[in-house]
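# Structure assessment
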Amino acid sequence: MIRQIQNALAIVLVLFAAVPLYAQQTPPQATAAEGPAHEVVRHITIKGNQRVEESTIFTYLGLKEGSEITPYDTDTALKNLFATGFFADASINRQNDDGSKVDLEVDVVENPVINKVVFEGNKDVEEKDLQAELELKARAIYTRTKLQNDVKRILDIYRRGGRYSAKVEPKVIQLDQNRINLVYEIQEGPVAKVRKISFIGNDNFDSKTLEKVVRTEETRWYKFLTSDDKYDPERLQYDQELLRRFYTSEGFADFQVKSAIAELSPEKDAFYITFTVDEGKKYKFGTVNVTSALKGVDPSELQKKLLTNTGETYNAGKIETSIDAMTKELGNHGFAFVDIDPKLDRRTDTRIINVNYVIKEGPRVYVEKINIIGNVRTLDEVIRREFRFVEGDPYSTSKIARTEQRLNNLGFFEKVKINNEPGSTPDRTIITVEVQEKSTGEISIGGGFSTTDGPLAQFGIKETNFLGRGQDLRFNAAISAVTQQYDISFTEPYFLDRELSAGFDLFKTELLTYTGIPYQSDTNGVRLRMGYALSEQWSHALNYTFKETDISDIQPGASLFIVDQAGNTVESSVGHTLTYDNRDNKFNPTTGEFLRVNQDIAGIGGDAHYLRNEVHAGYYYPVAPKWTASLLGAGGYIFGFNEDVRIQDRFYLGGSSFRGFENYGMGPHDTATGDSLGGNMYYTVTPELTFPLGLPDDLGFLGSVFVDAGSLWHVDGSGPTVDGSSALRLSAGVGVSWASPFGPIRINLADAILKQRFDSTQIFQFDFGTKF
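Residues numbered from 1 in each chain as written. Predicted model: local features only at pLDDT ≥ 70, side-chain atom pairs only at ≥ 80, totals over all residues. Heavy atoms only, no water.

### Things to note about the pairing of strand β12 (residues 339–347)
Keep this limit in mind: We call two strands paired when DSSP finds no fewer than two bridges between them. Each helix is a run of DSSP H or I of at least 4 residues and each strand a run of E of at least 2, with the numbering of both proceeding from the N terminus.
Pairing between β12 and strand β13 (residues 352–360): 9 bridges, direction antiparallel. Counterpart to K343 in the pairing with β13 is N356. Counted along the chain from β12 to the antiparallel partner β13, the turn is 4 residues long, and its residue R351 has a positive phi close to 55°.

Structural data, given as C-alpha cells:
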C-alpha cells in the first residue's frame with residue numbers, strides 16, 4: 001500500500017513539472033477580438049481635430065503607415081494622446097482588416113481652449129492673487145483634472161486666510177470654435193477665528209498665564225488690527241515651542257506638549273484649540289562647571305560669563321545665553337570654531353540638574369579670505385572700508401559684531417549677515433559677508449499737520465548711496481504756516497579715500513510771524529563740514545558757517561527787546577563736535593549710550609560775536625524684550641563777546657523739545673507784551689520708557705511714558721518787564737507712535753506740573769506727515 005502511494009505521488013510531481021515546460025513551448029494564440037499578433041498598417045486617417053495639426057497627432061501616436069503593429073502598440077498610442085492634455089477623448093478603430101493588413105481611423109475630441117477666466121463673489125482676495133495660483137489661464141487648454149486642481153488651490157488660498165467655509169463652484173460656458181469661458185463662483189464665507197484656547201494637564205500655571213505665552217489669541221471684537229486670532233497651523237507649531245521655552249525657563253526640564261488639536265466648529269466659522277501638556281517635575285541647578293581643553297584658556301574666567309548659578313531654578317534659556325557669552329569670549333581670543341556641549345546630569349530624586357559645559361579643543365583661527373556677496377549696486381570698497389578686520393588678522397567675534405553693526409548703520413542694506421566657514425587649513429577661516437540691498441534713493445512729497453507748525457508740506461530728493469559710492473546727496477523743501485526751509489547738502493564719507501567725511505550745506509530758513517514770535521526772520525547761509533573717527537566709539541567733526549539773517553516785519557506792540565533786534569546781521573563762525581556713541585543702532589537704539597559736545601564761536605568776520613556751548617547725552621537700557629528705558633539730557637550756554645546775544649542765536653524750548661509747553665512757550669518772556677525772548681542758558685532731563693502695545697510688530701505701534709524736566713533762562717540786557725526765572729519746569733505724559741504706511745504719526749499727552757505764570761502750556765501734541 002505504501003509503495004502504491006509513493007508511485008502516485010511521483011506521477012503527480014512529474015505532471016506538475018511538465019506544465020511550465022509545455023507553456024514555454026506553446027506560443028500564445030491571438031483571440032479573434034484582438035486580431036493577429038502582427039499586422040501591417042496600410043493607412044491611418046485622423047478625424048475630429050480642429051486646432052491640433054495632423055502632423056502633431058502623428059508625432060504623439062508613434063504609428064506609421066507600412067509598419068507592423070500589435071495591440072500593445074495601439075494601447076500605447078492612445079495613452080500618448082491622452083497624456084498631451086489636448087484631447088478629451090480619443091479612439092483607434094480598425095477598418096478593412098484582411099488578416100494581414102489593416103486601416104486605422106483615429107477619432108479625437110479636442111479639449112476646448114479657455115477664452116477667459118472670470119471670478120465672481122471674491123471680495124477678500126483680489127483677482128490677481130487668485131490668477132497667480134491657477135494653472136488654467138486664458139488661451140490655455142482646458143482639462144477636467146486641471147480644473148479640479150485649481151479649485152483646490154483657490155480653497156487653499158481662502159483657508160490660509162482663515163475662511164474654511166469657502167465654496168467654489170466652477171462653471172464652463174461653451175463658445176463657438178471649441179472655446180469656453182471659465183467662471184468660478186465663490187462664496188467666501190466668514191473668517192474662522194479662534195473662539196477658545198484650552199489647556200489640559202497644566203497644574204502649576206493657570207490657563208490665563210499660558211494664554212499670554214502662546215502667540216495665538218482668542219478672538220475679541222477689539223482685535224481688528226491683529227491676525228493672531230486666526231487659526232494658522234504654522235503658528236500652532238510655534239506656540240508649542242513657546243510653551244516649551246516657557247516651562248523650561250521655569251524649571252520644568254521634562255516638559256512636553258503631548259498634543260495640540262485644532263477643532264473646526266460644525267458651522268466652519270470658529271476653531272477650538274486644545275493643548276495637552278505634561279509638565280513634569282520642577283528642577284533647580286546643582287553644580288555648574290566649565291571643562292576646557294583649549295590651551296591658554298582659563299575655565300575660571302569663563303565661569304564668570306555664566307548665568308546658571310547653583311541653587312537657582314533651572315532655566316534652559318540661561319544655558320543657551322551662557323553658551324553664547326562663552327562663545328563670544330573665546331572668539332575674541334581667536335577661537336572661531338569651538339563646540340560647547342552642556343552635559344546635563346538630571347537627578348530626579350533630589351530634583352536638581354548638574355551642568356558641565358564641555359568645551360572641545362579647536363585651533364586658534366585667522367581670517368584667510370573675505371567674500372562679499374549680494375551687492376549689485378554698492379561698490380565692494382564701500383563695504384570693505386567698514387570692516388574692523390582684514391585678511392590675515394586673528395578671528396574676533398567682537399570685531400565681526402562691530403562690522404555687522406557698522407554695515408547696518410549705513411542704511412544701505414535690508415539685511416546684513418556675516419558667516420564663517422573652514423578655510424584651506426584648520427587654522428584658517430573664510431568670512432562671507434552677505435548683504436541684501438534696499439532702495440536708498442527717495443523722492444518724497446509730503447503733507448500733514450502739526451500742533452507746533454500747523455499745516456505743512458514737504459518735498460525732498462534724497463540719495464544716501466549716490467552712484468554706489470556711499471555718498472549722500474539731498475535736497476529738501478518744507479513749508480508750513482510758521483516756517484519755510486530749503487537746503488541742499490552733499491557728504492563724502494571717505495574723503496581722499498581716508499576715514500574722513502567732508503561735505504557742505506546750502507540753506508535758507510524763513511520764520512514767519514507766529515504766536516509768541518511777533519517778527520519774521522529770514523536766514524541764508526552755507527556750511528562746510530569735515531569729520532573723522534578717533535576710535536570705534538569716538539569721533540570729531542569741524543564746521544564753518546557763514547549766514548546772513550534779517551529780522552523784519554515786527555508786529556505793532558512787540559517787545560522793545562525784539563524791536564532792537566531789527567535789521568540785517570552777518571555771522572561767520574567755526575565750530576566742532578566731539579561725539580561718543582556705542583548704541584546698538586543709531587536709528588532705533590535699544591542699548592548703549594552717547595555723548596555729544598558742540599562748540600561754536602562767531603566773530604571771524606561778520607557782525608555776531610559769541611561762544612555757544614552745548615552738550616547732549618543719552619543712555620538706553622533694555623529692561624525687557626522690546627521694552628527700552630532711556631535717560632536723555634541736554635544743556636547749553638551762549639554768551640556774547642562785549643555784546644548782547646541776538647534773539648536768533650538764543651536757545652528756545654517747547655513743543656517737541658519740551659512736551660507739555662507750546663513751541664517757544666517756555667523761558668524768558670516780556671511780561672508787557674507776552675513775547676518769547678529765548679534764553680542764553682538751558683538744561684533738560686528726560687527719562688522715558690518705550691514699550692510695545694500688544695499689537696503685531698509689523699504694525700509699527702509703540703507706547704511711551706515720559707517726564708521732561710529742565711529750565712531756560714537768562715537774557716542779556718534784561719529790563720523790569722523781562723521775566724526769565726530759572727525755576728524748574730516739569731511735565732509728564734504718555735505718547736503713542738505709529739510708523740504708518742502714510743508716514744510717521746506721533747501723539748503726546750503731557751501736563752505741565754511745574755511752570756511759571758508767563759509760560760504757555762499745551763496738553764495735546766500731534767504730528768503727522770506722509771510720503772507718497
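What follows continues from the structure just given.
### What about the nonpolar core?
Let me state the cut-off plainly: Put simply, a nonpolar core is a bunch of buried Ala, Val, Leu, Ile, Met, Phe, Trp, Tyr and Cys residues held in one set by side-chain atoms that sit within 4.5 Å of each other. Categorising residues by exposure relies on relative accessible area from a 1.4 Å probe, with only protein chains included: less than 20% of the type maximum marks a residue as buried, more than 50% marks it as exposed, and the intermediate range marks it as partly exposed. What makes two residues a contact is simply this: any of their non-hydrogen atoms within 4.5 Å.
Judged by nonpolar contacts, the single largest core of 22 residues is most densely connected at Y314, L330 and Y357. Among the secondary structure elements, those contributing two or more residues to this core are β11 (284–292), α9 (316–332) and β13. Ranked by the residues each element gives to this core, the list is headed by α9, at 5 residues. Residues in contact with L330, not counting those within four places in the same chain, are L294, V297, L302, F335, V338, I340 and I359. Membership of the second largest hydrophobic core comes to 21 residues, among which are I197, Y231, F271 and I273.

### Structural notes on the sheet that holds strand β7 (residues 179–187)
Keep this limit in mind: To get an axis, a line is fitted to the C-alpha atoms, and for a helix only the part in contact is used. The angle between two axes follows their N-to-C directions and goes from 0 to 180 degrees.
Pairing within the open sheet is mixed, and its 3 strands lie in the order β5-β7-β6. Unpaired on one side and paired on the other, β5 (113–120) and β6 (167–175) mark the two borders of the sheet. The average undirected angle you get between the axes of adjacent strands in this sheet is 20°. The sheet contact formed by β6 and β7 spans 9 bridges and is antiparallel. The residue of β7 that forms the bridge with K167 is Q187. This element, helix α5 (residues 144–160), spans β5, β6 and β7 of the sheet and lies at about 30° to β7.

### Overview of the confidence of the model for the protein
Operational definition: The pLDDT score gives, residue by residue, the confidence of the prediction method on a 0 to 100 scale.
Residues at a pLDDT of 70 or more form 90% of the protein, whose mean pLDDT is 84. Here residues 11–36 scores under 50 on pLDDT; set against residues more than four positions off or in separate chains, the count is 6 contacts.

### Quick notes on empty space enclosed by the protein
Test applied: In this analysis a 1.4 Å probe is tested at points of a 1 Å grid over the protein atoms alone, and where it fits but cannot get out there is a cavity; an open set with protein on both sides within 12 Å along at least five of seven lines is a pocket; lining residues have an atom within 4 Å of a point. Grid points are joined across faces, edges and corners, and a volume is the space filled by probe spheres set on the points. Just so you know the grouping, Ala, Val, Leu, Ile, Met, Phe, Trp, Tyr, Cys and Pro go in nonpolar, Asp, Glu, Lys and Arg go in charged, and all remaining residues, Gly too, go in polar.
All told, the structure shown has 1 cavity of 30 Å³ or more when counted by the stated rule. Around the largest cavity sit A608, H609, Y610, E643, D644, V645, R646 and D649, which together line it. Split into classes, the residues belonging to the lining of the largest cavity amount to 3 nonpolar, 1 polar and 4 charged.

### Some words on the side chain of T523
Keep this limit in mind: Polar contacts, as used here, are pairs of N or O atoms within 3.5 Å; protein pairs need one atom able to donate a hydrogen and one able to accept it. Residues neighboring in sequence count only if both atoms are side-chain atoms.
When you line up the elements, T523 lands in strand β22 (residues 520–533). Its relative accessible area of 13% is what places T523 among the buried residues. Within the local environment of T523, its side chain forms a polar contact with the side chain of T549, the two groups lying 3.2 Å apart.

### Observations concerning α5
Applicable threshold: A helix is expected to reach a length of 1.5 Å times the quantity of its residues less one. Here the arc refers to the set of directions running from the helix axis out to each C-beta atom.
Between its first and last C-alpha atoms α5 spans 25 Å; for 17 residues at 1.5 Å apiece the expected length is 24 Å, and the two agree. Buried within α5 we find L147, D150, V151, I154, L155, I157 and Y158. All buried residues of α5 lie within an arc of 150° about the axis, which places them on one face of the element. Of the exposed residues in α5, those oriented more than 90 degrees away from the buried face are T145, Q148, K152 and R160. Contact partners of the buried residues in α5: β5, α4 (127–133), β6 and β7. Two residues or fewer past α5, G162 is found with a positive phi of approximately 90°.

### Digging into the packing of aromatic side chains
The criterion, for reference: Stacked, tilted and edge-to-face are the three classes applied to pairs of Phe, Tyr and Trp rings, where Trp contributes its six-membered ring and a pair requires centres within 6.5 Å; stacked means planes under 30 degrees apart, edge-to-face means over 60, and tilted covers the rest. We call a charge positioned above a ring when the Lys NZ or Arg CZ atom is no farther than 6 Å from the ring centre and deviates by at most 35 degrees from the ring normal.
According to the stated counting rule, one finds 26 aromatic pairs in the structure shown. Relative to Y231, the ring of Y164 lies with its centre 6.1 Å away and its plane at 50°, an arrangement referred to as tilted. Taken together, the residues Y164 in the loop between α5 and β6 and Y231 in the loop between α6 (207–213) and α7 (233–249) connect sequence positions 67 residues apart. Of the two residues, Y164 and Y231, both sit in the buried class. Summarising the aromatic geometry, the rings of F412 and F413 are spaced 6.1 Å apart at their centres and angled 70° between planes, so their arrangement reads as edge-to-face. The pair formed by F412 and F413 is uniform in burial state, with each residue classed as buried. The structure contains a cluster of three or more aromatic residues connected by ring pairs, namely F205, F246, Y247, F252 and F255. Positioned above the aromatic ring of F594 is the side chain of R583, whose terminal nitrogen or guanidinium carbon lies 4.6 Å from the ring centre. Looking at R659, its charged tip hangs above the ring of F706, at a distance of 3.7 Å from the centre.

### Details of the environment of S91
Its place among the elements puts S91 in strand β3 (residues 87–95). Overall, S91 belongs to the partly exposed group, its relative accessible area being 27%. Among residues more than four places away in sequence, those in contact with S91 are L78, E105, V106 and D107.

### Some remarks on the packing of helix α2 (residues 54–61) against helix α3 (residues 71–83)
Operational definition: In these notes the angle categories are as follows: under 35 degrees is roughly parallel, over 145 is roughly antiparallel, 65 to 115 is roughly perpendicular, and the rest is oblique.
Two elements in contact, α2 and α3, have axes separated by 8 Å at closest approach and are oriented at 125°. Between α2 and α3, the angle falls in the class oblique. Here I57, Y60 and L61 of α2 lie close against α3, whose contacting residues are A77, N80 and L81. Tallied by class, residues from the contact of α2 with α3 come to 5 nonpolar, 1 polar and no charged.

### Observations regarding the environment of F412
Within the secondary structure, F412 sits in the loop between α11 (397–410) and β15 (413–422). Sequence spacing of F412 and N375 is 37 residues, and the spatial spacing of their C-alpha atoms is 10.0 Å. Non-local contacts of F412, meaning those with residues more than four positions away in its chain, are made with V382, E437, K438, T440, T464, N465 and G470.

### Here's the deal with unusual backbone geometry
Positive phi, close to 75°, is recorded for K626, a residue that is not glycine. Given the relative accessible area of 53%, K626 is considered exposed. Phi at H714 is positive, roughly 75°, even though this residue is not glycine. Topologically, H714 is positioned in the loop between β30 (701–713) and β31 (722–723).

### Focus: the side chain of R612
Note the threshold: Lys and Arg are tallied as positive, Asp and Glu as negative. Neither His nor the chain termini are counted. By convention in these notes, a salt bridge is any Lys or Arg side-chain nitrogen within 4 Å of a carboxyl oxygen on Asp or Glu.
With respect to the helices and strands, R612 occurs in strand β26 (residues 610–624). Buried within the structure, R612 lacks any salt-bridge partner; D649 is the closest side chain of opposite charge, at an N-O distance of 4.5 Å. Reaching out from R612, the side chain makes a polar contact with the backbone oxygen of D649 at a distance of 2.7 Å. Non-local contacts of R612, meaning those with residues more than four positions away in its chain, are made with N598, Q599, D600, Y637, I638, D649 and F651.

### Looking at the sheet that holds strand β9 (residues 256–264)
Ordered in space as β8-β10-β9, the 3 strands form an open sheet in which the pairing is mixed. At either end of the open sheet lies a strand with only one pairing partner, and these are β8 (193–200) and β9. Averaged over all pairs of adjacent strands, the angle between their axes in this sheet comes to 15°, without regard to strand direction. As paired elements, β9 and strand β10 (residues 270–278) share 8 bridges and run antiparallel to each other.

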